[in-house]
Amino acid sequence: QVQLEESGGGLVQPGGSLRLSCAASGSIFSGNAMAWYRQAPGKQRELVAVITSSSRTNYADSVKGRFTISRDNAKNTMYLQMNNLKPEDTAVYYCNAFSVNVRGSWGQGTQVTVSS
């Protein structure tokens, strides 16, 4: 059973937009804060955005004002709308629970490449 499945990545020019989706199992998603993470080549995985079960949000400074995290609790699905993308946003994007206590196995992620 797949616990976490990311989709929506691709190649986009600087200034472009993408919308990522995350389908999660109920055991991870329901009632828990969820988050998007990313890992660029040669770098550690970093936290991008967090959303609580009541849809309160928080963002890394590097994406604040450009990215919007949201969730659909009825569908156990989370989204990341990414606007005004920059080359430094290039990374593999992952979703998972924010708390390590409920975090599932990492999915394969979805590749986002920002390049002209």
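The structure we're discussing is the one just above.
Criteria and thresholds
Residues numbered from 1 in each chain as written. Predicted model: local features only at pLDDT ≥ 70, side-chain atom pairs only at ≥ 80, totals over all residues. Heavy atoms only, no water. Pairing = 2+ DSSP bridges. Helix = DSSP H or I, 4+ residues; strand = E, 2+ residues; numbered from the N terminus. Axes fitted to C-alpha atoms, helices over the stretch in contact; angles between N-to-C directions.

Colleague: A description of the sheet that holds strand S6 (residues 57-59) should follow, citing residues and the corresponding values.
Modeller: Strand order in the open sheet formed by six strands is S2-S10-S9-S4-S5-S6, with mixed pairing between adjacent strands. Two strands bound the open sheet, and with one partner strand each, they are strand S2 (10-12) and S6. Taken pair by pair, the neighbouring strands of this sheet meet at an average axis angle of 25°, ignoring direction. With six bridges connecting them, strand S4 (residues 34-39) and strand S9 (residues 91-97) associate as antiparallel partners. Bridge pairing in S9 links Gln-39 to Val-92.

Colleague: I'd like to hear about the sheet that holds strand S7 (residues 67-72), residue by residue, with values.
Modeller: Strand pairing within a sheet occurs via backbone hydrogen bonds; the two strands may be parallel or antiparallel. The strand order across the open sheet built from four strands is S1-S3-S8-S7, with neighbouring strands paired in antiparallel fashion. Every other strand in the sheet has two partners, leaving strand S1 (4-7) and S7 as the edge strands with one partner each. Strand-to-strand twist of the sheet, defined as the mean angle between neighbouring strand axes without regard to direction, takes the value 15°. Inspection of the sheet shows S7 paired to strand S8 (residues 77-82) by six bridges, in the antiparallel sense. Note on S8: the bridge partner recorded for Phe-67 is Met-82.

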